[in-house]
Amino acid sequence: MTKPESAGYDYDVVISGASIAGSAAAILLARRGVRVALLERRSDPEAYKVLCTHSITANAYPVLDELGLVPALEKAGAVRNEARWYTRWGWIEPRAAPGGPALPYAYNVRRSTLDPLIRSRAEQTPGVDLLLGHQVTALIGEAGRTVGVRASTPRGEREIRARLVIGADGRDSAVAKLAEVPTQLHENSRFGYLAHFRDLPLPGGIGQTWFLEPDMAYAFPNDDGVTVLAVLPDKKRLPAFREDLEGSFLDFVRALPEAPPIDSAERISKIVGTVNYPLVSRRPTAPGVALIGDAALTGDPLWGVGCGWALQSAQWLVEAVAPAAAGRGDLDRSLAAYARTHRRRLRGHQTLAVDFAKARPFNPGERLVFSAAARDESMARHMYLFASRLIGPLQFLNPLALAKAAAVNIRHRRKAAPSAHLSRTGS
């Protein structure tokens, strides 16, 4: 059991990483009276993550609202992220039910806009000290638990002691490695490249995703009239991309059903990506340590869940540990509560993502639901809720949903049968 007394602490909490997860956690902790040192290894306050889907799923909207970022994102031109998905059965096009509420949303927004915005909000929050150019090099341990960090800074090495160290430093988290947190790597049989285009029209002006079994692609409209266009092919295609990246990228996009007209748009970035991006799952806590965002769990980029889960995991951690982090409770018990929430909310999603990252065709359950969603508006809304991570796998694949999907497909086959019969007799 950890003691509530504060002896020799410089701060209550040290956070390594001042991007989405770290900045969100710093703001929410400080509002609850916690003294926070927010460390960022880069010295530029405008620094941002380049490899990203640049999209925040709707599950994270309440966090954005609590942070007070919604008006600022709207003002910055962030795009509400409606979506449609191509499948071999046609397009799945979620729409609000007649007379019903609008579909939930969050935002597509470039990290070059989002990261400086949330970092600036953290810096302006009383109780947060933003320390740029501070890179964690070691953890300070006492009696089997972490009680601070050592960091390299522009002025040399520095020790910062705190009750809790939070790793918000990404999939290659130094905090996780230094704390020797157990890590699982899951192979991703796809690779990915993306580029930014200006003046690239999309049907309905909304995001498009292509399920090509096994290849994938998406186009997400972002702020300032920029569209992020990404391809995620099976690794069998990798030799061609290595031989001619630009030609392979452009040819892949041109071959998409209802392909975006990239030849008439302006590409304003390099084509960037990675050929090896395994999914990472870590235990989200250790004595005196918590992990949030990609440091705790890195999903498959094709689902665009990273930013949303970064915000949510920051909120879950703060709700669990804020009193104990300020010296008013049992920190170990609070960390255990956070670990349970993280596992309960995300493990099922990650299990499905790990399986789909094998670059396999749809399995029978997926064929059932995706085909029904292309044929029925209520099933399309059901799929939208899952893609937005507003419902979990058990709700998505519950018996009633599967029964309804089966009924939709049976009706479709019955309607198609007379047409097929007439076509044969008329030929």
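Here, the structure is the one placed above.
If you're wondering where the values come from, they're calculated on a predicted model, not measured in any experiment.

K.L.:
Honestly, the overall build of the chain in this entry has me stumped. Any pointers?
P.N.:
The helix and strand tally for the chain stands at 13 helices and 22 strands. In terms of overall size, the chain behaves like a compact globule, its C-alpha atoms giving a radius of gyration of 23 Å where 427 residues would be expected to give roughly 22 Å. In terms of principal-axis extent, the alpha carbons of the chain reach across some 90 × 45 × 40 Å. Looking at the chain as a whole, 55% of its 427 residues are labelled buried. A sequence separation of at least 24 residues applies to 73% of the contacts in the chain between residues at least 6 apart. Total accessible area on the chain stands at roughly 18,700 Å², and carbon and sulfur atoms take up 52% of it. Averaged over its 54 positive side-chain charges, the chain has a centre that lies 6 Å from the centre of its 43 negative ones.

K.L.:
Got a minute to help me understand helix H1 (residues 20-31) in this structure?
P.N.:
An α-helical segment advances 3.6 residues per turn. Residues three or four places apart therefore align on the same side. The end-to-end C-alpha distance of H1, which contains 12 residues, comes to 17 Å, matching closely the 16 Å that a straight helix rising 1.5 Å per residue would cover. The complete set of buried residues in H1 reads Ile-20, Ala-21, Gly-22, Ser-23, Ala-24, Ala-25, Ala-26, Ile-27, Leu-28, Leu-29 and Ala-30. Remark: Gly-33 follows H1 within two positions and exhibits a positive phi of approximately 85 degrees.

K.L.:
I would appreciate a short explanation of empty space enclosed by the protein in the present structure.
P.N.:
Empty space among the atoms becomes apparent when a probe as large as a water molecule is rolled across them. Under the criterion given, the structure shown has 1 cavity of 30 Å³ or more. In this structure, the largest cavity occupies an estimated 40 Å³ of space. Lining the largest cavity are Gly-299, Asp-300, Trp-303, Val-305, Trp-309, His-349, Gln-350, Ala-353 and Arg-389. Taken together, the residues of the lining of the largest cavity break down into 4 nonpolar, 3 polar and 2 charged.

K.L.:
I keep staring at the pattern of salt bridges and nothing clicks. Help me out?
P.N.:
Side chains carrying opposite charge are able to pair once their charged atoms draw close together. Enumeration according to the criterion identifies 23 salt bridges in this entry. Ionic pairing is found between Asp-332 and Arg-145, a salt bridge with its closest N-O pair at 3.1 Å. Taken as a pair, Asp-332 in helix H9 (residues 331-356) and Arg-145 in strand E10 (residues 145-153) lie far apart in primary sequence, 187 residues in all. For Lys-358, the salt bridge is made with Asp-355, and the minimal N-O distance between the two is 3.5 Å. Its relative accessible area of 52% is what places Lys-358 among the exposed residues.

K.L.:
Would you explain the environment of Leu-69 in this entry?
P.N.:
For Leu-69, the location among the structural elements is in the loop between helix H2 (61-67) and helix H3 (70-75). In this structure, the C-alpha to C-alpha distance between Leu-69 and Arg-121, residues 52 residues apart in sequence, is 8.7 Å. Ignoring any residue separated from it by four or fewer positions in sequence, one finds Leu-69 in contact with Leu-64, Leu-117, Ile-118 and Arg-121.

K.L.:
So what exactly am I meant to see when it comes to the pairing of strand E11 (residues 156-167) here?
P.N.:
Consecutive side chains of a regular strand alternate in pointing toward one face of the sheet and then the other. In the sheet, strand E1 (residues 11-16) pairs with E11 via 5 bridges, with the strands oriented parallel. Along E11, the bridge assignment pairs Ser-16 with Gly-167. Pairing analysis gives 6 bridges linking E10 to E11, with the strands arranged antiparallel. Bridging from a neighbouring strand, Thr-153 pairs with Gly-156 of E11. Hairpin remark: E10 followed by E11, antiparallel, with 2 residues in the connecting loop. The sheet contact formed by E11 and strand E21 (residues 289-291) spans 3 bridges and is parallel. Following the sheet pairing, Val-165 is matched in E21 by Val-289.

K.L.:
Looking at this structure, how should I read the nonpolar core?
P.N.:
The tendency in soluble globular proteins is for nonpolar side chains to be buried as a group. Residues Ile-15, Leu-29, Ile-56, Leu-67, Leu-73, Ile-292 and Leu-311 are the most contacted members of the largest nonpolar core, which totals 59 residues. At 12 residues, the largest contribution of residues to this core is made by helix H8 (residues 306-325). Apart from residues lying up to four places away in sequence, Leu-73 is in contact with Leu-64, Ala-78, Tyr-107, Val-109, Leu-114 and Leu-117. Membership of the second largest hydrophobic core comes to 27 residues, among which are Phe-220, Phe-362, Ala-373 and Ala-380.

K.L.:
Looking at this structure, how should I read the packing of helix H10 (residues 364-373) against helix H11 (residues 377-387)?
P.N.:
Any two packed helices are characterised by how steeply their axes cross, that is the angle between the axes, and by the distance between the axes. For the pair H10 and H11, the least separation of the axes is 7 Å and the interaxial angle reads 120 degrees. In terms of orientation, H10 and H11 fall into the oblique class. Facing Val-369, Phe-370, Ala-372 and Ala-373 of H10, the residues of H11 in contact are Met-379, Ala-380 and Met-383. When grouped by side-chain class, the residues that make up the contact of H10 with H11 number 7 nonpolar, no polar and no charged.

K.L.:
Would you take a moment to explain the packing of aromatic side chains for this structure?
P.N.:
Given two aromatic rings, one states the distance between the centres and the angle between the planes to describe the pair. Counted under the stated rule, the structure contains 19 aromatic pairs. Ring plane angle 70 degrees and centroid distance 5.5 Å describe the contact between Tyr-61 and Tyr-105, whose orientation is recorded as edge-to-face. Highlighted residues: Tyr-61 in helix H2 and Tyr-105 in the loop between strand E6 (90-92) and strand E7 (107-108), separated in sequence by 44 residues. Ring centres of Tyr-105 and Tyr-107 lie 5.8 Å apart, and the angle between their planes is 85 degrees; on these two criteria the pair is classed as edge-to-face.

K.L.:
What's the story with the layout of surface pockets in this structure? I'm lost.
P.N.:
Considering only enclosed or pocket space, the second largest pocket measures out at about 580 Å³ in volume. If you trace the second largest pocket, you find 33 residues lining it, with Trp-85, Trp-303, Phe-386, Ala-387 and Arg-389 closest to the centre. Across the lining of the second largest pocket, the residue classes break down as 17 nonpolar, 11 polar and 5 charged.

K.L.:
Explain the sheet that holds strand E12 (residues 183-186) here, please?
P.N.:
Each strand in a sheet pairs with its neighbour through backbone hydrogen bonds, running either in the same direction (parallel) or in the opposite one (antiparallel). In space, the 3 strands of this open sheet follow the order E12-E19-E22, with antiparallel pairing throughout. Only two strands of the sheet have a single neighbouring strand rather than two, namely E12 and strand E22 (297-298). With 4 bridges joining them, E12 and strand E19 (residues 279-282) adopt antiparallel strand pairing. Bridging across to E19, His-186 finds its partner in Leu-279. Here H9 sits on the sheet in contact with E12, E19 and E22, set at roughly 150 degrees to E19.

About the thresholds
Residues numbered from 1 in each chain as written. Predicted model: local features only at pLDDT ≥ 70, side-chain atom pairs only at ≥ 80, totals over all residues. Heavy atoms only, no water. Helix = DSSP H or I, 4+ residues; strand = E, 2+ residues; numbered from the N terminus. Rg over C-alpha atoms; globule rule 2.2 N^0.38 Å. Buried < 20%, exposed > 50% of the residue type's maximum accessible area, 1.4 Å probe, protein only. Contact = heavy atoms within 4.5 Å. Areas by Shrake-Rupley, 256 points an atom, 1.4 Å probe, with all protein chains shown as cover. Lys, Arg positive; Asp, Glu negative; His and termini not counted. Charge placed at Lys NZ, Arg CZ, Asp CG, Glu CD. Expected span 1.5 Å × (residues − 1). 1 Å grid on protein atoms, 1.4 Å probe; cavity = no way out; pocket = protein on both sides within 12 Å on 5 of 7 lines; lining within 4 Å. Points joined across faces, edges and corners; volume = space filled by probe spheres on them. Nonpolar A, V, L, I, M, F, W, Y, C, P; charged D, E, K, R; others polar. Salt bridge = Lys/Arg side-chain N within 4 Å of Asp/Glu carboxyl O. Pairing = 2+ DSSP bridges. Core = buried A, V, L, I, M, F, W, Y, C linked by side-chain atoms within 4.5 Å. Axes fitted to C-alpha atoms, helices over the stretch in contact; angles between N-to-C directions. Parallel < 35°, antiparallel > 145°, perpendicular 65-115°, else oblique. Phe/Tyr/Trp six-rings, centres within 6.5 Å; stacked < 30°, edge-to-face > 60°.

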